[in-house]
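Structure assessment
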Amino acid sequence: VTDEIVSTLDQGVTTYSNAGETAKRGLELSGAARVGWGLELGASYAWTRYRYVRFDELVRGVALDRSGKTLPFVPTHQWGLFAAWRHESGFRLRVQSSTWGSYWLDSANTARYGGYSFLTSLGAAYARGRHELLLDVQNLLDLRYAVQATRDTSGRDSYSAGAPRTLMLSYRF
């Protein structure tokens, strides 16, 4: 990518600039299988390697060469698992879990966020005719995690907290 827009958090102020060039490589795999009795199992995996080819980051008025560094906020490994069950009576269940590996907090690659493991959700539904009742539970295990972690140029880290366990009951006609 040429002239990708990137952000820098410099002393509490976010600025945007163009990275001269970035190289983004990755691989994604996913699969699912119906194993019988209305049960389906699946998994996914993603590997990424995002690097600056040419980038001078402006920090307090000084251009610092970040060429060869890894782009922040992009985990090298991500994976997920799911199991879904459907019954002819109209009941269905689905549980899924995702994991984000560690990633760099800044363009200088000075610190890493550890990511999170097994962020799990559960869905249950019953449908009859044109009526459907759904229950969704996000963050089923009430995991404490950050949806984004950053580091500013002075070395201060900040975290955007992920939502706690959340339940939603809905009816659809």
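Located above this text is the structure these notes cover.
What comes next concerns the included structure.

Conventions we followed
Residues numbered from 1 in each chain as written. Predicted model: local features only at pLDDT ≥ 70, side-chain atom pairs only at ≥ 80, totals over all residues. Heavy atoms only, no water. Pairing = 2+ DSSP bridges. Helix = DSSP H or I, 4+ residues; strand = E, 2+ residues; numbered from the N terminus. Axes fitted to C-alpha atoms, helices over the stretch in contact; angles between N-to-C directions. Patch = residues over 30% accessible without salt bridge, like charges linked within 9 Å, V, L, I, M, F, W, Y side chains within 5 Å. Areas by Shrake-Rupley, 256 points an atom, 1.4 Å probe, with all protein chains shown as cover. Salt bridge = Lys/Arg side-chain N within 4 Å of Asp/Glu carboxyl O. 1 Å grid on protein atoms, 1.4 Å probe; cavity = no way out; pocket = protein on both sides within 12 Å on 5 of 7 lines; lining within 4 Å. Points joined across faces, edges and corners; volume = space filled by probe spheres on them. Nonpolar A, V, L, I, M, F, W, Y, C, P; charged D, E, K, R; others polar. Contact = heavy atoms within 4.5 Å.

As a further point, take the sheet that holds strand 7 (residues 91-100). Taken together, the eight strands give an open sheet; going across it, the order is 1-2-3-6-7-10-11-14, and neighbouring strands pair in antiparallel fashion. Unpaired on one side and paired on the other, strand 1 (2-10) and strand 14 (166-172) mark the two borders of the sheet. Neighbour to neighbour, the strand axes of the sheet diverge by 25° on average, direction disregarded. Relative to strand 2 (residues 13-36), strand 1 runs antiparallel, the two sharing eight bridges.

What follows deals with the environment of Gly 36. Turning to its location among the elements, Gly 36 is positioned in strand 2. Taking C-alpha positions, Gly 36 is 48 Å from Arg 151, a pair spaced 115 residues apart along the chain.

Let us now look at a nonpolar patch on the surface. Taken together, the side chains of Leu 133, Leu 135, Leu 167, Leu 169, Tyr 171 and Phe 173 make up a nonpolar region of the molecular surface, amounting to roughly 660 Å² of accessible area. Those elements that provide at least two residues to the nonpolar patch are strand 11 (131-138) and strand 14. Looking at the nonpolar patch element by element, the count peaks at three residues for strand 14. Relative to the elements of secondary structure, Leu 169 occurs in strand 14.

As a further point, take the layout of surface pockets. Gaps left between atoms show up when a probe the size of a water molecule is rolled over them. The space that makes up the largest pocket amounts to roughly 360 Å³. Contributing to the lining of the largest pocket are 22 residues, with Ala 84, Trp 85, Arg 92, Leu 93 and Arg 94 lying nearest its centre. Here the element with the most residues in the lining of the largest pocket is strand 10 (residues 116-128); it accounts for five residues. Approximately 280 Å³ is the volume attributed to the second largest pocket. What lines the second largest pocket is a set of 20 residues, and nearest its centre among them are Thr 8, Leu 9, Asp 106, Arg 151 and Asp 152. Listing elements by their share of the lining of the second largest pocket, those giving two or more residues are strand 1, strand 4 (56-59) and strand 12 (146-151). Its residues placed into classes, the lining of the second largest pocket shows six nonpolar, eight polar and six charged.

Here Ser 107 lies in the loop between strand 8 (103-104) and strand 9 (112-113). Setting aside anything within four residues of it in sequence, one finds Ser 107 in contact with Tyr 52, Phe 55, Glu 57, Arg 66, Lys 69 and Pro 72.

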